[in-house]
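Residue-level structure breakdown
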Amino acid sequence: MQPPKTFLPHGGAYEGLAVFKKATVIYDMTYYFAHRFLSSADRTIDQMVQAARSGKQNIAEGSAASTTSTETELKLMNVARASMKELLVDYEDYLRVRQLHLWPLHDDRAVKTRDYCKNHLEAADYMKSIDRRSDEAIANIVDTLIHQYDSMMGKLIARLEKDFTAKGGIRERMTAARLGYRQQQDDEIRRLAEENRQLNDRLHQLSEENAHLRSLLAQLRGPGT
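I will try to describe carefully the structure that is included in this document.

**Concerning the packing of aromatic side chains**
If you walk through the whole model with that rule in mind, you get six aromatic pairs. Consider the rings of Tyr14 and Phe20, whose centres lie 4.9 Å apart with planes at 70°: the pair is edge-to-face. When the ring of Phe33 is compared with that of Tyr94, the centres are 4.9 Å apart and the planes differ by 70°; the resulting orientation is edge-to-face. Of this pair, Phe33 sits in helix H1 (residues 18–37) while Tyr94 sits in helix H3 (residues 70–97), placing them 61 residues apart in sequence. Taken individually, Phe33 and Tyr94 each receive the classification buried, so the pair is uniform in this respect. Between Lys56 and the ring centre of Tyr27, over which it is positioned, the NZ or CZ distance is 5.5 Å.

Next comes the structure, spelled out in structure tokens:
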């Protein structure tokens with residue numbers, strides 16, 4: 001009899017998620033930005049770094065939790081997304097109060113930045129030249145990254161919600177696994193019963209053939225033999 005199929009999904013592989021890589025870029029750039037351009041006494045440093053960290057770490061925690069709780073996974077992914085939206089406001093506030101510019105959607109710089117951010121997911125691609133960029137440029141790059149992150153998270157959360165609706169949470173999967181194993185056992189019992197019936201029929205057939213052969217042998221030997 002085959003062992004029951006596991007009801008636990010394969011979760012925890014967050015490192016390969018494109019959205020996690022993008023979150024790592026945002027965190028690294030934010031850490032640099034906050035400590036370079038903000039006063040050491042400014043509480044916004046901790047707020048921005050923690051928001052960026054939450055947007056990254058909650059993906060890892062949510063992915064790890066996916067093995068046992070889709071509900072927890074969804075909650076943590078939404079926390080990650082909300083944290084990045086908070087960070088986005090901090091960057092836009094920074095630009096506004098300092099009378100710097102948030103690049104318009106169709107500005108050449110914005111277009112080139114969107115294209116670059118779309119095709120580059122490694123933090124090293126951004127950090128290698130970050131010390132040569134102005135605060136306005138870095139803020140706009142991170143702004144672009146956060147918008148792309150938000151779009152990706154929206155799609156990821158929608159897929160998780162769809163899977164949850166179709167497959168249920170851990171309790172539903174456990175019930176399905178139990179029922180599936182019970183069905184597997186019932187099928188095996190029916191198979192063995194049918195095999196036993198066929199063997200009994202064959203045994204009965206062989207018994208009848210043996211009796212017939214004995215009768216023929218007796219006739220050949222004749223009376224008194």
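Moving on, there is more to tell.
**Notes on the nonpolar core**
Core analysis: the largest hydrophobic core is formed by 41 residues, its most contacted members being Met29, Ile59, Leu87, Tyr149 and Met153. When contributions to this core are tallied by element, the ones reaching two or more residues are H1, helix H2 (44–65), H3, helix H5 (123–127) and helix H6 (135–167). When residues in this core are grouped by element, the largest group, 11 residues, is from H6. Residues contacting Met153, with those up to four places away along its chain left out, are Val19, Ile59, Met77, Ala80 and Arg81.

Definitions and limits used
Residues numbered from 1 in each chain as written. Predicted model: local features only at pLDDT ≥ 70, side-chain atom pairs only at ≥ 80, totals over all residues. Heavy atoms only, no water. Phe/Tyr/Trp six-rings, centres within 6.5 Å; stacked < 30°, edge-to-face > 60°. Helix = DSSP H or I, 4+ residues; strand = E, 2+ residues; numbered from the N terminus. Buried < 20%, exposed > 50% of the residue type's maximum accessible area, 1.4 Å probe, protein only. Lys NZ or Arg CZ within 6 Å of the ring centre and 35° of its normal. Core = buried A, V, L, I, M, F, W, Y, C linked by side-chain atoms within 4.5 Å. Contact = heavy atoms within 4.5 Å.

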